[in-house]
Amino acid sequence: MTPANPHANPGKVRLLTLDVDGVLTDGSILIDDLGREAKRFHVRDGAGIRMWIKTGRQVAIITGRRGMAVTHRAAELGIALVYQGRLDKAAVLREIAEKTGIEPEATAHVGDDLPDLPVMRMVGYPIAVGDAVDAVRNAAAHVTERPGGHGAVREAIEHLLGAAGELDAIAARYGAE
């Protein structure tokens, strides 16, 4: 697949921004009889996010919905940059760039649906989950094999760290060959 930005370099990414529903989750929204919402997150995505942060890189969550499940999961993973209830994801990316000093060109965004397109067009390396809508897949420099909520974020992180030449050293710390 041809990158949306022909100069995109996955090995130069320092900031990873993530949508939630359809990316960190499978897109299902579970609401019980009392109106409480629950989300299902994949443990390997969390392990990948921790691995990414340990390399000195940053992670941000940008989602149009709000929910305590996201707040709790982000805190558990050490994600400090959490933007919920924000429909203008491109504006959020500008805020994050100003706050962190990391330019959009050194950013990857993982998305799955149309609201992700504006931010995907701004970043240096747009990524779509495997079950993303066609327009998002077409805008991506990389499309994961895994669908959202099923390890797609971990796969994206391994792709980025592999491009940076760091994945083998990280895996070796765990005894992987």
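Note: the structure precedes this text.
Residues numbered from 1 in each chain as written. Predicted model: local features only at pLDDT ≥ 70, side-chain atom pairs only at ≥ 80, totals over all residues. Heavy atoms only, no water.

A. Region of the structure containing the side chain of T107. Its location among the elements puts T107 in strand 6 (residues 107–111). Since its relative accessible area comes to 0%, T107 is described here as buried. Looking at T107, its side chain comes within polar contact range of the main-chain oxygen of E103, at 3.1 Å. Among all residues touching T107, those that are not within four sequence positions of it are V13, L15, T17, L93, I102, V123, G124 and Y125. (Helix = DSSP H or I, 4+ residues; strand = E, 2+ residues; numbered from the N terminus. Buried < 20%, exposed > 50% of the residue type's maximum accessible area, 1.4 Å probe, protein only. Polar contact = N/O pair within 3.5 Å; in protein donor to acceptor, adjacent residues only side chain to side chain. Contact = heavy atoms within 4.5 Å.)

B. Just the pattern of salt bridges, in detail. A full pass over the atoms with the stated rule returns eleven salt bridges. Residue K39 is joined to D21 by a salt bridge in which the shortest nitrogen-to-oxygen separation is 2.6 Å. Pair noted here: K39 is in the loop between strand 3 (37–38) and helix 1 (43–54) and D21 is in the loop between strand 1 (15–18) and strand 2 (30–31), with a separation of 18 residues, a long-range link. We note a salt bridge from R154 to E158, for which the minimum N-O separation is 2.8 Å. (Salt bridge = Lys/Arg side-chain N within 4 Å of Asp/Glu carboxyl O.)

C. Examining helix 3 (residues 89–100) more closely. With twelve residues, helix 3 should reach 16 Å at 1.5 Å per residue; the first-to-last C-alpha distance of 16 Å fits that figure. Those residues of helix 3 that sit buried are K89, A90, A91, V92, L93, I96 and A97. Of the surrounding secondary structure, the elements contacted by the buried residues of helix 3 are strand 1, strand 4 (58–62), strand 5 (81–83), strand 6 and helix 4 (117–122). Positive phi appears at G101, one or two residues downstream of helix 3, with a value of about 80°. (Expected span 1.5 Å × (residues − 1).)

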